[in-house]
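An overview of the molecular structure
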Amino acid sequence: MPDINSGPKKEITPEMWGEVDQIIDKYKNKPGSLIPVLEECQYVCGYLPMVLQERISKGLNIPGSTVYGVVTFYSFFTMVPKGRHTIKICLGTACYVRGGKANLEVIQNQLDIDVGETTNDLRFSLDSVRCLGACGLAPVMVIDEDVHGLMTKEKTLDVLEKYK
Amino acid sequence: MASENIITINGTEYPFEPNETILEVAERNNIYIPTLCHIKGYTPTGACRMCVVEVKGARTLLPACATPAARNMVVETESERVVKSRKINIELLLSSGHHNCLTCEANGNCRLQDLAYRYQVETVRFPETPSKYPAETNNAMIIRDFSRCIMCGRCVQACNEVQVNRAISYGYRGAASKIVAIGDLPLNESDCVFCGECVQACPVGALIEKPRRFQARNWEESVVKTTCPYCGVGCQLDLHIKDNKIVRVTGTEEIPPNYGSLCVKGRFGYDFVNDSERLRVPLIKKDGEFREASWNDALSLVAKRLEDTKSKNGPDSISVFSSAKITNEENYLAQKFTRAVIGTNNVDHCARLCHASTVAGLALAFGSGAMTNPIADINKSEVILVTGSNTTEAHPVISSYIKRAVESGRVKLIVIDPRRIELTRFSTMWLRQTLGTDVAWANGMMHVIIKEGLYDKEYVESRTEGFDELKKMVEKYNPEYVSNITGIPAEEIIKAARLYGNAKPASIFFAMGITQHSTGTDNVKSMANLAMLCGNVGVPGGGVNPLRGQNNVQGACDLGALPNVYSGYQQVASPDAREKMEKAWGVKNLPDKPGLTVTETVEMAGKGKVKALYIIGENPLVSDPDLNHAEECLKKLEFLVVQDIFMSPTAKLADVVLPSASFAEKDGTFTNTERRSQRVRKAVDTPGEARQDWEIICDLSSRMGYPMAYNSPEAIAEEMNSVTPSYGGISYRRLEKKGLHWPCPTEDHPGTPILHVGQFTKGKGSFYALEYIPPAELPDKDYPLYLTTGRVLYHFHTGTMTMQSEGLNEMVPECFVEISPEDALDYNVKQGGMLRVKSRRGEIEARANISDKSIKGSIFIPFHFAEAAANKLTNAALDPIAKIPEFKVCAISIENI
Ligand code: SF4
Ligand code: SF4
Ligand code: SF4
Ligand code: FES
Ligand code: FES
């Protein structure tokens with residue numbers, strides 16, 4: 001059972017709550033509204049923490065258990081806030097055989113998070129992907145929009161340092 | 001053409017009805033098709049695919065539970081392909097998780113085990129994948145063992161569609177799938193209300209009653225069907241017994257009123273039966289201390305003291321409190337004993353404190369003071385108006401009927417309640433009235449209905465009287481005027497009036513929020529007015545439906561545990577009725593003057609007019625209003641006998657305490673809120689020397705010179721039915737399978753689910769033109785807040801039964817003061833902080849619970865707890881007709897400590 005109350009938190013600002021309530025109002029009493037509401041709220045707040053799920057549950061009068069079920073079913077919903085920077089490690093075949101996995105482990109140890117998680121200081125989120133189409137540069141890591149190729153363990157850590 | 005609706009199953013042709021599924025046709029014709037996920041009567045989910053069958057011409061196997069029968073369909077239920085598919089399915093289920101039958105409670109009653117046996121799945125071809133999730137065992141009621149869960153989803157459907165508690169759902173995906181509560185929290189931190197519907201629905205051992213774990217396997221249990229001892233819904237339940245102990249309780253399936261559903265009290269609240277604190281021997285108080293005594297000594301003493309009191313001060317110096325907890329037979333005997341042996345009409349019971357105003361009000365309006373329609377009629381209404389009833393907590397199984405009806409989209413719900421109760425989440429409209437202004441909003445609605453011509457003119461004309469006075473009276477109750485009194489916006493009154501007025505039929509449900517007022521009888525008459533105005537009485541799906549609090553409060557009233565009537569509401573003042581009873585009982589000179597009520601008895605005890613009191617199974621020292629005063633009064637009695645199953649606060653005051661039997665230890669009948677008489681059956685033996693209430697009364701009566709010799713409750717029932725017209729045909733034989741609604745005058749009468757069809761019991765229904773009268777006490781400078789009292793789901797009445805249960809106590813361990821976030825801010829109250837609550841009559845201390853259920857200016861306190869008895873605060877102002885106290889409104893102040 002994941003502990004939903006620990007882990008990094010990103011504040012939902014009063015402006016965000018305002019938008020959330022507008023979204024809920026817009027969809028209220030319309031059937032099939034849960035998924036679009038979750039999508040739009042995640043877009044506004046970046047993630048779907050329990051406080052937000054509870055607000056949506058009350059607002060749409062949909063049971064909290066159903067909301068949670070839907071959030072955990074679809075992979076595009078997340079209950080973890082995104083960090084300022086998103087690291088994507090490629091684990092496609094080419095990258096994998098040339099040490100992508102080892103680079104990932106280095107990052108996991110350094111930042112103390114797993115794939116799909118965010119550091120407590122909200123600096124990094126970590127994801128893995130399958131082939132970024134840059135196999136020539138394998139192993140490849142992408143941070144935000146920047147592609148970093150031919151990574152080694154040492155280089156990986158150096159590159160991270162550039163993102164504050 | 002219907003004759004063409006023929007389907008072939010396994011080579012035989014069967015006719016089918018439109019909309020029937022293959023499964024339904026098969027079951028009707030005793031053809032076996034295994035199911036795991038399907039719940040009868042609810043939308044198929046198609047989750048398990050165990051019910052697949054081969055349909056000629058179809059490419060794939062089809063689930064029988066979800067496939068409608070069609071003309072010329074040819075179905076095979078056990079073809080090679082079908083059997084192979086089922087086998088693989090079973091193997092997959094067995095390999096996911098840990099299905100060790102040896103230590104599983106479901107062993108012997110598990111659908112997966114049954115299927116493995118039937119389809120001869122001996123070895124599992126796939127490797128066992130252990131569950132990702134550890135078992136949840138942190139509450140005292142339900143164990144969730146995810147390693148045994150086959151993800152059939154029956155629990156989800158049971159929770160969301162049957163009980164409509166909406167606490168659990170499917171979570172995660174693929175191999176990680178799990179049944180989750182909100183936030184995947186443990187059940188006791190979620191929205192779960194522990195009704196246990198999911199446990200009963202689970203086809204395997206994934207959901208188990210915790211008290212049962214390692215205590216009993218299915219074949220070691222014997223099962224006794226009986227009636228729930230808590231609220232007036234009268235759920236039918238099966239007690240599972242091992243070694244003279246209840247090991248679990250399940251709802252009896254397929255019969256009314258509950259069709260297998262129960263609430264947390266009915267399912268998990270049975271610990272009291274086997275509690276070590278149960279009274280086991282008679283006790284006599286000597287020099288202020290109780291000493292154990294023999295039955296002979298105890299009863300001789302009681303007989304002697306009662307006789308002495310009678311000869312010295314006359315029969316009217318003695319009163320008897322009968323009980324809404326004991327059986328019909330026992331209530332009949334208690335009033336017979338009071339009238340025929342003691343010679344007074346001073347017999348009453350706690351209905352005085354909850355529904356006396358209902359009985360009085362509806363008797364005046366219709367001629368009969370009970371729920372007019374059966375529970376099942378909820379499905380036939382177009383609009384349901386619920387007021388003064390926190391149905392989800394006080395009558396949970398009825399609330400499920402209402403929630404299901406609303407969720408189906410057929411029924412609209414209007415809630416009129418000062419608190420934001422759970423039902424407001426389901427309602428089309430929620431009107432929030434100021435406490436004690438019910439006559440006003442009802443007049444307001446009728447004003448609109450009459451003005452807009454929405455009332456049923458023909459009905460009013462032909463079936464009622466007093467319309468012109470009513471019309472004149474409500475003339476001035478225009479929406480603005482009413483809005484000023486009630487605080488409900490004028491446009492909402494208009495909207496609600498139109499909603500109710502346009503619906504055909506519409507029904508009204510109410511409980512203590514209407515009755516427990518100094519204007520309780522007026523409030524009830526107002527409900528009757530509103531219903532008659534729209535032609536809603538005497539029709540299916542309509543009615544005025546008071547929800548009775550105690551399991552047998554209806555029966556206690558019906559069988560004459562009231563000071564003014566014999567059984568069947570035959571007036572003691574009527575010479576004919578007296579003569580009839582004198583003949584039946586073989587006595588002369590039955591008293592003709594109506595006796596004292598519960599509240600009057602307490603008062604008269606204080607004044608020294610009532611000298612001796614015999615209390616059967618009641619606990620006035622927690623349930624009465626203005627407790628400090630009540631205690632002083634009872635202490636003035638010369639002689640007090642209490643017959644109970646526990647040493648209650650009232651019993652402590654007694655001179656003699658007589659140990660009696662709980663519901664699980666006796667035979668008899670209870671009559672539920674919808675006037676349905678149902679059997680109570682003995683499942684275990686009484687502890688120690690405790691005896692059944694009827695035996696004690698008979699023994700005492702015999703000692704007082706009036707021998708009562710019945711060899712069983714059934715023998716009492718025969719006499720009782722012979723003198724009670726409305727029960728005349730309710731024999732035990734007919735109650736074997738399910739209950740019967742009174743009036744049921746003869747053996748061949750089918751019972752009467754709906755009252756007042758075609759004609760009111762009293763002929764024409766009477767409208768009453770009523771002025772709004774404010775509550776007896778209103779907030780002022782010194783006591784600036786309103787207090788209202790009521791129940792919580794997890795406890796019952798004065799808690800003598802529920803507070804013995806670990807599970808129930810865990811959920812609500814102590815009293816609390818529910819306060820709105822706004823008031824909390826104003827008074828600087830912290831969540832969980834201790835508060836002192838004061839009224840003009842007393843004070844109590846309890847923790848604050850800040851909740852948006854309460855509304856600014858009103859505080860709510862449950863009345864169950866003796867340590868912080870809300871009734872030290874409440875006002876004993878009485879309704880002038882019904883003598884019911886005003887529990888629902890008084891003025892208080894709060895301070896932090
Ligand atoms: S006990 Fe009742 S409320 Fe709780 S999960 Fe089960 S069905 Fe739902
Ligand atoms: S807990 Fe029981 S009822 Fe619920 S999905 Fe699992 S096996 Fe089915
Ligand atoms: S709803 Fe009432 S009768 Fe039914 S189980 Fe609960 S307490 Fe018992
Ligand atoms: S495998 Fe990594 S970029 Fe193609
Ligand atoms: S019973 Fe038909 S799919 Fe489960």
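Residues numbered from 1 in each chain as written. Chains lettered and ligands numbered in written order. Predicted model: local features only at pLDDT ≥ 70, side-chain atom pairs only at ≥ 80, totals over all residues. Heavy atoms only, no water.

**Notes on the overall build of chain B**
- For chain B, the count of helices and strands is 30 helices and 37 strands.
- Taken over C-alpha atoms, the radius of gyration comes to 29 Å for chain B, in line with the 29 Å a tight globule of 897 residues would show.
- When burial is assessed residue by residue, chain B has 64% of its 897 residues classed as buried.
- Within chain B, contacts between residues separated by at least 24 positions form 72% of all contacts whose residues are at least 6 apart in sequence.
- With the model as given, the accessible surface of chain B reaches about 32600 Å², and the carbon-plus-sulfur share is 50%. (Helix = DSSP H or I, 4+ residues; strand = E, 2+ residues; numbered from the N terminus. Rg over C-alpha atoms; globule rule 2.2 N^0.38 Å. Buried < 20%, exposed > 50% of the residue type's maximum accessible area, 1.4 Å probe, protein only. Contact = heavy atoms within 4.5 Å. Areas by Shrake-Rupley, 256 points an atom, 1.4 Å probe, with all protein chains shown as cover.)

**Description of the overall build of chain A**
- A count of helical and extended segments in chain A gives six helices and four strands.
- What you see in chain A, going N to C, is helices and strands ordered as α-α-α-α-β-α-β-β-β-α.
- Expressed as a percentage of its 164 residues, the buried residues of chain A come to 47%.
- Counting contacts in chain A only where the partners sit at least 6 residues apart, residues at least 24 apart contribute 63% of the total.
- By element, 52% of the accessible surface of chain A is carried by carbon and sulfur atoms, the whole surface being about 8600 Å².
- On chain A, the mean spot of the 18 positive side-chain charges and the mean spot of the 21 negative ones are 3 Å from each other. (Lys, Arg positive; Asp, Glu negative; His and termini not counted. Charge placed at Lys NZ, Arg CZ, Asp CG, Glu CD.)

**Description of the environment of N188(B)**
Residue and element names in this part refer to chain B.
- With respect to the helices and strands, the residue N188 is situated in the loop between β8 (178-181) and α5 (197-201).
- Overall, the relative accessible area of 25% leaves N188 in the partly exposed class.
- Distance in space between the C-alpha atoms of N188 and R213 is 18 Å, their sequence separation being 25 residues.
- Side-chain polar atoms of N188 contact the side chain of N138, separated by 3.4 Å. (Polar contact = N/O pair within 3.5 Å; in protein donor to acceptor, adjacent residues only side chain to side chain.)

**A look at the confidence of the model for chain B**
- On average, residues of chain B score 93 in pLDDT, and 99% of them reach the 70 mark or higher.
- Predicted complex, confidence summary: ipTM 0.84, pTM 0.90. (pLDDT = per-residue confidence, 0-100.)

**Quick look at the site of ligand 1**
- Close to ligand 1 lie I142(B), C159(B), N165(B), A167(B), I168(B), C192(B), V193(B), F194(B), C195(B), G196(B), E197(B) and C198(B).
- Considering only residue class, the shell around ligand 1 consists of nine nonpolar, two polar and one charged. (Near = heavy atom within 4 Å. Nonpolar A, V, L, I, M, F, W, Y, C, P; charged D, E, K, R; others polar.)

**Some thoughts on the site of ligand 2**
- The full set close to ligand 2 counts 13 residues, and C149(B), C152(B), G153(B), C155(B) and C202(B) are the nearest of them.
- Here the residues of the shell around ligand 2 sort into eleven nonpolar, one polar and one charged.

**What about the pattern of salt bridges?**
Residue and element names in this part refer to chain B.
- For the structure on display, the rule yields 53 salt bridges over all chains.
- Note that K838 is salt-bridged to E895, the shortest N-O span being 3.8 Å. Taken together, the residues span a long stretch of sequence, with K838 in strand β32 (residues 834-838) and E895 in strand β37 (residues 890-896) at a distance of 57 residues.
- Residue K838 is classed as partly exposed on the basis of its relative accessible area of 28%. (Salt bridge = Lys/Arg side-chain N within 4 Å of Asp/Glu carboxyl O.)

**Things to note about the pairing of strand β17 (residues 383-387) of chain B**
All names here are of chain B.
- Most of β17 is tucked away, with five of its five residues classed as buried.
- Here five bridges tie β17 to strand β18 (residues 412-416), and the two strands are oriented parallel to one another. Directly across from V383, in β18, lies its bridge partner K412.
- Pairing analysis gives five bridges linking β17 to strand β21 (residues 506-510), with the strands arranged parallel. Paired with L385 across the two strands is I508, which belongs to β21. (Pairing = 2+ DSSP bridges.)

**Section: helix α1 (residues 14-27) of chain A**
All names here are of chain A.
- In this model, α1 (14 residues) spans 20 Å end to end at C-alpha, consistent with the 20 Å of a helix rising 1.5 Å per residue.
- Every buried residue of α1 is accounted for by M16, W17, V20, I23, I24 and Y27. Buried residues of α1 fall within an arc of 120° about the axis and therefore sit on the same side. In α1, those exposed residues whose orientation departs by more than 90 degrees from the buried face are P14, E15, Q22 and D25. (Expected span 1.5 Å × (residues − 1). Arc of directions from axis to C-beta.)

**A short note on the packing of helix α10 (residues 356-365) of chain B against helix α19 (residues 520-533) of chain B**
Residues and elements named next belong to chain B.
- Where α10 contacts α19, the axes come no closer than 8 Å and their chain directions differ by 45°. With respect to each other, α10 and α19 are oriented oblique. Between α10 and α19 lies a crossing whose hand is right-handed. Within the contact between the two elements, α10 uses S357, T358, A360, G361, L362, L364 and A365 and α19 uses G520, T521, V524, K525 and A528.
- Looking at the contact of α10 with α19 residue by residue, the classes come out as six nonpolar, five polar and one charged. (Axes fitted to C-alpha atoms, helices over the stretch in contact; angles between N-to-C directions. Parallel < 35°, antiparallel > 145°, perpendicular 65-115°, else oblique. Left-handed = near helix turned anticlockwise from the far one by under 90°.)

**Some details on the packing of aromatic side chains**
- Using the criterion set out here, one finds 17 aromatic pairs over all chains in the structure.
- Between Y74(A) and F77(A) the ring centres are 6.2 Å apart and the planes differ by 85°, which places this aromatic pair in the edge-to-face class.
- Above the plane of the ring of F860(B) lies R419(B), whose end atom (NZ or CZ) is 3.6 Å from the centre.
- If you follow K457(B) out to its NZ or CZ, it ends over the ring of Y455(B), 5.0 Å from the centre. (Phe/Tyr/Trp six-rings, centres within 6.5 Å; stacked < 30°, edge-to-face > 60°. Lys NZ or Arg CZ within 6 Å of the ring centre and 35° of its normal.)

**Structural notes on the interface of chain A and chain B**
- If you look at the interface, chain A gives 17 residues, while chain B gives 21 residues.
- With both chains or domains summed, chain A and chain B bury close to 1600 Å², and 54% of this area falls on carbon and sulfur atoms.
- Where chain A touches chain B, the interface holds zero salt bridges.
- Residue assignment for the side of chain A that touches chain B shows that the elements contributing at least two residues are α3 (50-60) and α4 (64-73) of chain A. (Buried area = accessible area lost by both parts, 1.4 Å probe.)

**What to know about the domain arrangement of chain B**
- For chain B, the domain assignment lists domain 1 (2-78), domain 2 (127-274), domain 3 (283-354 + 558-602 + 636-741), domain 4 (372-546) and domain 5 (785-896).
- Distance from the C-alpha centre of domain 1 of chain B to the C-alpha centre of domain 3 of chain B: 55 Å. (Domains from an automatic or database assignment.)

**Quick word on the side chain of N107(B)**
- Note on placement: N107(B) falls in the loop between α2 (80-95) and α3 (111-118).
- Leave out the neighbours within four places in its chain, and N107(B) touches C101(B), Q113(B), N218(B) and W219(B).

**So, the environment of K609(B)**
Residues and elements named next belong to chain B.
- Its place among the elements puts K609 in the loop between α22 (598-606) and β23 (612-616).
- The class of K609 is exposed, set by a relative accessible area of 54%.
- Sequence separation of K609 and P505 is 104 residues, and the distance between their C-alpha atoms is 50 Å.
- Each residue touching K609, except ones within four places of it in the same chain, is listed here: S317 and M604.

**What about the domain arrangement of chain A?**
- Domain boundaries assigned for chain A yield domain 1 (14-73) and domain 2 (85-161).
- Inter-centroid distance (C-alpha atoms) of domain 1 of chain A to domain 2 of chain A is 32 Å.

**Some details on the sheet that holds strand β27 (residues 676-680) of chain B**
Residue and element names in this part refer to chain B.
- The three strands are arranged β26-β27-β28 in an open sheet whose pairing can be described as antiparallel. The strands lining the two open edges of the sheet, one partner per strand, are β26 (668-671) and β28 (740-741).
- Bridging between β27 and β28 involves two bridges; their strand directions are antiparallel. Residue pairing for β28: R676 is matched across the bridge by H741.
- Contacting β26 and β27, helix α8 (residues 328-342) crosses the sheet at an angle of about 90° to β26.

**Points about the side chain of T338(B)**
- Topologically, T338(B) is positioned in helix α8.
- In this structure, T338(B) is in contact with V320(B), G343(B), T344(B), N346(B) and V347(B), ignoring residues within four places of it in sequence.

**Details of the nonpolar core**
Residues and elements named next belong to chain B.
- Ranked by internal contacts, the top residues of the largest apolar core, which has 67 residues, are I90, I142 and I861.
- If we skip the residues at most four places from it in the chain, I142 touches E136, L187, F194, G196, C198, V199, L207, I208, K210 and F268.
- Core analysis: the next-biggest nonpolar cluster, separate from the first, contains 53 residues, A293, Y614, V641 and W694 among them. (Core = buried A, V, L, I, M, F, W, Y, C linked by side-chain atoms within 4.5 Å.)

**Quick notes on the pairing of strand β31 (residues 816-819) of chain B**
All names here are of chain B.
- Here β31 shows no split at all, with F816 and E818 on one side and V817 and I819 on the other all buried.
- Two strands pair when backbone bridges link them, and β31 and strand β33 (residues 843-850) are joined in this way by four bridges, in the parallel orientation. When the bridges of β33 are listed, F816 appears paired with R847.

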